[in-house]
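# Residue-level structure breakdown
Each chain, letter by letter, is given below.
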Amino acid sequence: MKRTNVNDLKETVRQESAALYRFVDSVIRLCTDINEYPVYPRSSRSLFAKIKRLGEETKAFLNGFPAEAAKDARTAFSKRLKLSDLRAHWETVHEYLKPVLDADTLHLPAPLTTVLQDAIESIDDLKDITFTVFLINELNYLQVPSGILIQRANDIADLIKGTRLPPRMGVVGIPYSQANGFFLNCLLPHEMGHFVYQEHFVTEVVPEIDKALETLEKDIGHALNEEDITMCRDLLESWIEEIFCDLFAICLIGPAYSFALIELTDATHLIGEPKSQLSDFHFFIQDHPAEMARFEAHFKLLKQLGWWPVVDKSSSAFVDVLRKSASPTKELHIEYALPVDEERFLKCYFEVCEWLLTFLPTKVAVSTKEITSFENQSPKIYDYLKRAIVPSTIILRKKVITPSPIVLINAGFFFYLDHMADLISNIAGKDPKSVDTRSQFTERLELWILKALEDSRLLRGEK
Amino acid sequence: MAVVHKSELLKRLNLDVSKKDSLVITPLLQRTTIFEDTANMDAIDVRLGTHFLLPQVPPAPFYYPSRNLSRRSHVQVNVPLGRYLVVPAHQTVLGATLEFLKMPDDLCGQILTKSSIARTFIVIETAPWIHPGYRGCLTLEIANVSNTPLLLYPGRMIGQLVFMELSQHDAKEHKLAGTYLAPVYPEAPRFQDPEKDLERIGIPRSQISVPTFKFLKPKRRPQ
């Protein structure tokens, strides 16, 4: 019997190709039954279909690879390195595909993500951007930097001369424990903002950062050396991207975003904070501006857009956080030692931030109609929620009205901040002071708001 | 007890929510068609919602209606508008109406299978009564009693609501109550343990049989 020589190059390449083929096949098999149960949002289905196609193309490539590699023994080794790259890229796809597969419509705030996708598509320059949501383990909302999944998929396509993924496909993560929630998921537009920034706005914002740094050098009277200017630029760029995303989120959904951030960061601790003991909220760190500075920008934008008079009516501590952050006497610091004066460097940040406050609302227009509608309709929406009724249709001054998604999102959040006790007092045997009861009815409230968002879309789309 | 006419229902649907006799049905799609003269005068059609609870095979040869186990008896599925759910022959599934309902304090009601649906041998309700003051999407105990698997499309009409006026009602404002307050999806049944329910009517715990299965009473590990 003839024995196969395992050292035979052709056989080794065949073995390597087959192993990778099997790995790719096992990954794309997960994308095969996506039209059955569970159900996925349109953007996820589209992503799975494209990954599947890429997998089929990779398999076809691997089928022909041993023959191709054997053509010339001198280049065989370098060709085989392609297989290692291909494997590494598929390993990344493997890592990110599962969290997307976990995010079916039962494990997503689907009505909210649909509303956000609709809002982004309504912006002229962003019409073709789609978002796929996946579940993450960290309790921090995360945008996979520039879409690693998409990048790796495109690297694979380049290696095998396959089909690249559409360029404007963003991927955002939400913590798995918050999958069905509403309030914290109002942070999603910020994460979408990262993708929108990288894809669309970065080229318009970076020159403003350059300008601010040039002014800084003029002010200090000398040019910074390469290492120092790189450090300053990196810090400024990451802070500006963060604040861009915050402002983008407010333009998209209004004050509900600020409240969600206050909840996530426990920023209500700022209320009653002793002056002698500055908390982390006052410090700019590597990736983020200080929360105090972020909330100050929120306050300014809310004021500028016309939201502030309605926000100001709330007696919630969340609104106090915004008021306190707007105080001109607050202290702000940078966590790192810098080559320039801290105060002067922060001035650079505030210059670009001020520019963003004027620039962004011209690009992501907020309809003042929404704010007026909120003002008119929110008291009535609270009447519905106090009575445990989904407010997808309301009767206001004898007229039947379908509140818009933005009105519902914000009314839901204000109700959560100001009126939970009113709801609980309406329920027999429930104590508004009980934490357990409040938590239980917050969950109910989230369901009612998500249902109202779903209904509102149906009613508005009705022929 | 008279069945309430649609014109009265429309009047109540247009009342401010703070009024005790106001009625809410939302989303009321094709609102104008519903109240056209040609439509039925005594009922409002409702649609099938998008979430379902499919019964699971219990971990024992029976279903034990107790506090812990009753919630583990179903699998939740979402069938968005445009997709369908297959209900196999002689099988059951819990669904809900797409419409959220708030009943006035002086009306009670009933949900009935739409006649065209009934003719396919789908039954949508075994607990059809709706109490005054109820709010929520109505849970539907859907049963396919035919010999053929049937497809259900969320968003299509499945039932009809009929309302009746109470012969007497007090003017007092009632607080909200109920085991299933304002649900928007079908919810699994909630029970107390049988011992607890029966003790309340004087049956001593020692006389109450509780099935002894491994999954019900896990063996205590030695210390």
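Attention now moves to the overall build of chain B. Per the secondary structure count, chain B includes four helices and twelve strands. When its C-alpha atoms are laid out on the principal axes, chain B stretches across 70 × 45 × 30 Å. Expressed as a percentage of the 223 residues in chain B, the buried residues total 29%.

Bringing the overall build of chain A into the picture now. When its secondary structure is counted, chain A shows 16 helices and seven strands. Projected onto its principal axes, the C-alpha positions of chain A cover 90 × 65 × 40 Å. Once local pairs closer than 6 in sequence are excluded, the contacts in chain A between residues at least 24 apart make up 80%.

Quick look at the packing of helix 2 (residues 42-70) of chain A against helix 5 (residues 148-160) of chain A now. Residues and elements named next belong to chain A. Taken N-terminus to C-terminus, the directions of helix 2 and helix 5 make an angle of 30 degrees; their axes are 10 Å apart at the nearest point. Judged on the interaxial angle alone, helix 5 and helix 2 are roughly parallel. For helix 2 against helix 5, the interelement crossing comes out left-handed. Side by side, helix 2 and helix 5 meet where I51, L54, E57, T58 and F61 of the first sit next to A153, I156, A157 and I160 of the second. Looking at side-chain class alone, the contact of helix 2 with helix 5 contains seven nonpolar, one polar and one charged residues.

Residues and elements named next belong to chain A. Ranked by size, the top nonpolar core spans 171 residues in total, and within it I51, C186, L247, F248 and Y257 carry the most contacts. The leading source of residues in this core is helix 7 (residues 226-253), at 15 residues. Setting aside residues no more than four positions away along its own chain, C186 makes contact with I253, A256, Y257, A260, I409 and F413.

This brings us to the sheet that holds strand 12 (residues 157-165) of chain B. Residue and element names in this part refer to chain B. Taken in spatial order, the four strands line up as 2-12-7-9 in an open sheet, and their pairing is antiparallel. Lying at the two open borders of the sheet, with one neighbouring strand each, are strand 2 (44-47) and strand 9 (129-130). Sheet topology places strand 7 (residues 107-113) next to strand 9; two bridges connect them, and they run antiparallel. Each bridged residue has a counterpart across the sheet, and for G109 the counterpart in strand 9 is I130.

Moving on to helix 8 (residues 256-265) of chain A. It helps to recall that an α-helix has 3.6 residues per turn; residues three or four apart then point in one direction. Residue and element names in this part refer to chain A. Counting buried positions along helix 8 gives seven out of ten residues, so the element sits mostly inside the fold. Burial in helix 8 covers these residues: A256, Y257, S258, F259, A260, L261 and I262. Note on helix 8: the residue one or two positions beyond its end, D266, has a positive phi of about 55 degrees.

A few words now on unusual backbone geometry. The omega torsion of the bond from T26(B) to P27(B) falls at 0 degrees, within 30 degrees of zero and hence cis. Looking at the secondary structure, you find P27(B) in the loop between strand 1 (24-26) and helix 2 (31-34). One non-glycine residue, K161(A), adopts positive backbone phi at about 55 degrees. Assignment of secondary structure puts K161(A) in the loop between helix 5 and strand 3 (169-175). Notably, D266(A) is not glycine yet its phi reads approximately 55 degrees, a positive angle. Looking at the element boundaries, D266(A) is found in the loop between helix 8 and strand 4 (283-284).

A few words now on the environment of L447(A). Residues and elements named next belong to chain A. Its location among the elements puts L447 in helix 16 (residues 435-461). For L447, a count of 17 C-beta atoms within 10 Å gives the class partly exposed. In this structure the C-alpha to C-alpha distance between L447 and I51, which are 396 residues apart in sequence, comes to 33 Å.

With 28 residues, helix 7 of chain A extends 40 Å between its outermost C-alpha atoms, agreeing within 8% with the 40 Å of an ideal straight helix rising 1.5 Å per residue. The positive-phi residue at the C-terminal boundary of helix 7 of chain A is G254(A), with phi of around 90 degrees.

Attention now moves to the interface of chain A and chain B. Taken together, the 25 residues of chain A in the interface contact 25 residues of chain B. Breaking the side of chain A that touches chain B down by element, the ones donating at least two residues are helix 13 (368-386) and helix 16 of chain A. For the side of chain A that touches chain B, the element with the most residues is helix 16 of chain A, which contributes seven residues. Partitioning the side of chain A that touches chain B into residue classes produces 14 nonpolar, four polar and seven charged.

Right, let's get into the environment of T114(A). For T114(A), the location among the structural elements is in helix 4 (residues 110-121). Separated by 339 residues in sequence, T114(A) and L453(A) place their C-alpha atoms 9.2 Å apart.

Criteria and thresholds
- Residues numbered from 1 in each chain as written.
- Chains lettered and ligands numbered in written order.
- Predicted model: local features only at pLDDT ≥ 70, side-chain atom pairs only at ≥ 80, totals over all residues.
- Helix = DSSP H or I, 4+ residues; strand = E, 2+ residues; numbered from the N terminus.
- Buried ≥ 20, exposed ≤ 12 C-beta atoms within 10 Å, placed from the backbone.
- Contact = placed C-beta atoms within 7 Å.
- Axes fitted to C-alpha atoms, helices over the stretch in contact; angles between N-to-C directions.
- Parallel < 35°, antiparallel > 145°, perpendicular 65-115°, else oblique.
- Left-handed = near helix turned anticlockwise from the far one by under 90°.
- Nonpolar A, V, L, I, M, F, W, Y, C, P; charged D, E, K, R; others polar.
- Core = buried A, V, L, I, M, F, W, Y, C linked by C-beta atoms within 7 Å.
- Pairing = 2+ DSSP bridges.
- Expected span 1.5 Å × (residues − 1).

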